[in-house]
Amino acid sequence: NVVCAPVMDISFSLQYDLMDVRVVEWLIFMLESKRIHAVLLAPPCTTFSPAAYPPCRSYENPLGFNRSEFKVYHGTKLAHASLCIMFTTMRTDSLGLLEQPRRSKMRWLATWKRLVEMGMEEHFLASCSFGSIHMKEICFAAVNMQAESLDRPCTRDHNHIKIEGKFTRPSATYVDGLAYELACVFKRNLDAMHKAL
């Protein structure tokens, strides 16, 4: 059996705020002490989105045009907190999976690129391949994980509903097929990790 920790999201508790360096330090400690073996991170991509208008970042300048603007600072700090945790999974031989839209400008951060150079692998999927009515393209960056089953592009043999209006918020959640595949990926990798011990 796999025992899951609570979902660490500020909407559930103010104690789960990754803007607080103490929370990040605690997660690093939990990974270093082997109390947590795997993490799935999904930092908000709002300001990193290519659809953000007016844009506050570019692919050439992913850190932002005005780094002191609160929404830019907030997005950058959460991105780097997540990347720090991914680096910790690499260093502690833990499992790490980080989710962003395929075209997120976060993937152009120097820290992200450095992690890829160090072995973080990017896997790309279209959520419609897992049963979504939308063709939302997602990048899952993996550390110490076999996650090739997530490489699943759109098969182009069906129609999609455009993400806008009432569909915007629901499109941000995982459809059942993708949630199940993510659970299977983690279970396979955790089983392999424990066999190797």
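Rules used throughout
Residues numbered from 1 in each chain as written. Predicted model: local features only at pLDDT ≥ 70, side-chain atom pairs only at ≥ 80, totals over all residues. Heavy atoms only, no water. Helix = DSSP H or I, 4+ residues; strand = E, 2+ residues; numbered from the N terminus. Buried < 20%, exposed > 50% of the residue type's maximum accessible area, 1.4 Å probe, protein only. Contact = heavy atoms within 4.5 Å. Polar contact = N/O pair within 3.5 Å; in protein donor to acceptor, adjacent residues only side chain to side chain. Phe/Tyr/Trp six-rings, centres within 6.5 Å; stacked < 30°, edge-to-face > 60°. Lys NZ or Arg CZ within 6 Å of the ring centre and 35° of its normal. Pairing = 2+ DSSP bridges.

Visitor: Go over the environment of Asn-189, please, and point to the residues and values.
Guide: With respect to the helices and strands, the residue Asn-189 is situated in helix 4 (residues 176-196). Assessed through its relative accessible area of 8%, Asn-189 is described here as buried. Dropping the residues within four chain positions of it, Asn-189 is found in contact with Leu-95, Asn-144, Met-145 and Gln-146. Among the polar contacts made by the side chain of Asn-189, one reaches the main-chain carbonyl oxygen of Val-185 at a distance of 2.8 Å.

Visitor: Describe the packing of aromatic side chains, and please don't skip the residues or the numbers.
Guide: Evaluated as defined, the whole model comprises 2 aromatic pairs. The interplanar angle of 50° and the centroid separation of 6.2 Å between the aromatic rings of Phe-140 and Tyr-174 together place this pair among those described as tilted. Of this pair, Phe-140 sits in strand 4 (residues 137-143) while Tyr-174 is found in the loop between strand 4 and helix 4, placing the two residues 34 residues apart along the sequence. By relative accessible area, Phe-140 is classed as buried at 0%. Positioned above the aromatic ring of Phe-124, the side-chain terminus of Arg-102 is 4.1 Å from the ring centre. Between the NZ or CZ atom of Lys-105 and the centre of the ring of Tyr-59, over which it lies, the distance is 5.6 Å.

Visitor: Before we move on, could you go through the pairing of strand 2 (residues 95-101) and cite the residues and values that matter?
Guide: Counting buried positions over the 7 residues of strand 2 gives 7, a clear majority of the element. Side chains Leu-95, Leu-97, Glu-99 and Pro-101 of strand 2 all project onto a buried face; the interleaved residues Gly-96, Leu-98 and Gln-100 project onto the opposite face, where all are buried too. Where strand 2 lies against strand 4, 6 bridges are found, and the strand directions are antiparallel. Note that in strand 4 the partner of Glu-99 across the bridge is Phe-140.

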